[in-house]
Amino acid sequence: KAGVTQTPRYLIKTRGQQVTLSCSPISGHRSVSWYQQTPGQGLQFLFEYFSETQRNKGNFPGRFSGRQFSNSRSEMNVSTLELGDSALYLCASRSGAGGGNSPLHFGNGTRLTVT
Amino acid sequence: DQQVKQNSPSLSVQEGRISILNCDYTNSMFDYFLWYKKYPAEGPTFLISISSIKDKNEDGRFTVFLNKSAKHLSLHIVPSQPGDSAVYFCAASDRAAGNKLTFGGGTRVLVKP
């Protein structure tokens, strides 16, 4: 099976712009989560989608949003970019809705640099 | 409020010896714990997990121990190999609340040949 695929791998944007990142989960996985990794804050949970519905949201401002499509692919959007949004954005997928023992599997991330 | 902590930012070990990584948590609702390994410019790779109904899980060279009363888990790697050099993250989940993982800050492991 192919792993979690994230596009693009690298992105450079200017403050005030918006950006959309894309994630294709492992085939058959219906749960998709997004995480932000920065040197100062580590790995932080952004949100989780299951069957096109947001199930959980982390402590991030409303500029961060996401959605999931019927084929389980997901996108996240960051509007009005700030310098502090520079980070590695990781997508992860899992087969079930929760409560089981299967782990999250991560993609290689999108490295966003805001200048 | 850091609910998952890895107090050792780095660890250096000789090839062939044991690597022991530690992780503490504060949220008593956590019932599923995982260890991930991460190389630069790649996403975290799942290593091993343990559910709160167990106190030990083993997979090849990797063993995870869970002490619920102390809210502490550890990862043992025996024997350590140079390819194990990476950053290791522990993560915890309250499975009834969904798939959200709370991560520790990571421990950088260097295995010297």
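Residues numbered from 1 in each chain as written. Chains lettered and ligands numbered in written order. Predicted model: local features only at pLDDT ≥ 70, side-chain atom pairs only at ≥ 80, totals over all residues. Heavy atoms only, no water.

**Comments concerning the overall build of chain A**
When its secondary structure is counted, chain A shows zero helices and eleven strands. The linear arrangement of helices and strands in chain A, starting from the amino end, is β-β-β-β-β-β-β-β-β-β-β. In terms of overall size, chain A behaves like a compact globule, its C-alpha atoms giving a radius of gyration of 13 Å where 115 residues would be expected to give roughly 13 Å. Each principal axis of the C-alpha atoms in chain A carries an extent, and together these give about 40 × 25 × 25 Å. Across the 115 residues that make up chain A, the buried fraction comes to 49%. In chain A, the proportion of contacts linking residues at least 24 apart, taken out of those at least 6 apart, comes to 54%. Carbon and sulfur atoms make up 46% of the accessible area of chain A, which totals about 5300 Å². Averaged over its 12 positive side-chain charges, chain A has a centre that lies 5 Å from the centre of its 5 negative ones. (Helix = DSSP H or I, 4+ residues; strand = E, 2+ residues; numbered from the N terminus. Rg over C-alpha atoms; globule rule 2.2 N^0.38 Å. Buried < 20%, exposed > 50% of the residue type's maximum accessible area, 1.4 Å probe, protein only. Contact = heavy atoms within 4.5 Å. Areas by Shrake-Rupley, 256 points an atom, 1.4 Å probe, with all protein chains shown as cover. Lys, Arg positive; Asp, Glu negative; His and termini not counted. Charge placed at Lys NZ, Arg CZ, Asp CG, Glu CD.)

**Looking at the pairing of strand E6 (residues 53-57) of chain A**
All names here are of chain A. Examined bridge by bridge, strand E5 (residues 42-50) and E6 share four bridges and lie antiparallel to one another. When the bridges of E6 are listed, Tyr49 appears paired with Gln54. In this structure, the hairpin formed by E5 and E6 is closed by a connection of two residues, where Ser51 is found at a positive phi of approximately 50 degrees. (Pairing = 2+ DSSP bridges.)

**Here's the deal with the interface of chain B and chain A**
If you look at the interface, chain B gives 19 residues, while chain A gives 24 residues. Here chain B meets chain A over a buried area of about 1700 Å², counting both sides, of which 54% is carbon and sulfur. Taken together, chain B and chain A are joined by five residue pairs in polar contact (both at pLDDT 80 or more). Elements with a contribution of two residues or more to the side of chain B that touches chain A: strand E4 (32-38) and strand E5 (45-51) of chain B. Counting residues per element, the side of chain B that touches chain A draws most heavily on E4 of chain B, at four residues. The residue makeup of the side of chain B that touches chain A, split by class, is ten nonpolar, five polar and four charged. (Buried area = accessible area lost by both parts, 1.4 Å probe. Polar contact = N/O pair within 3.5 Å; in protein donor to acceptor, adjacent residues only side chain to side chain. Nonpolar A, V, L, I, M, F, W, Y, C, P; charged D, E, K, R; others polar.)

**Considerations on a nonpolar patch on the surface**
Together, Ile18, Ile20 and Val78 of chain B make up an exposed nonpolar region whose accessible area comes to about 230 Å². By secondary structure assignment, the location of Ile18 of chain B is in the loop between strand E2 (10-14) and strand E3 (19-25). (Patch = residues over 30% accessible without salt bridge, like charges linked within 9 Å, V, L, I, M, F, W, Y side chains within 5 Å. Salt bridge = Lys/Arg side-chain N within 4 Å of Asp/Glu carboxyl O.)

**Description of the pattern of salt bridges**
Residues and elements named next belong to chain A. Under the definition given, this model contains eight salt bridges over all chains. Residue Glu75 is joined to Arg67 by a salt bridge in which the shortest nitrogen-to-oxygen separation is 3.3 Å. Its relative accessible area of 46% is what places Arg67 among the partly exposed residues. Connected through shared salt-bridge partners, Arg63, Glu82 and Asp85 make up one network.

**Observations regarding the sheet that holds strand E1 (residues 5-7) of chain A**
All names here are of chain A. Strand order in the open sheet formed by four strands is E1-E3-E8-E7, with antiparallel pairing between adjacent strands. The sheet terminates laterally at E1 and strand E7 (64-68), the two strands that pair on one side only. Adjacent strand axes in the sheet meet at a mean angle of 20 degrees, parallel and antiparallel pairs treated alike. Where strand E3 (residues 19-24) and strand E8 (residues 74-78) come together, five bridges link them in antiparallel fashion. Considered in E8, the bridge of Val19 is made with Val78. (Axes fitted to C-alpha atoms, helices over the stretch in contact; angles between N-to-C directions.)

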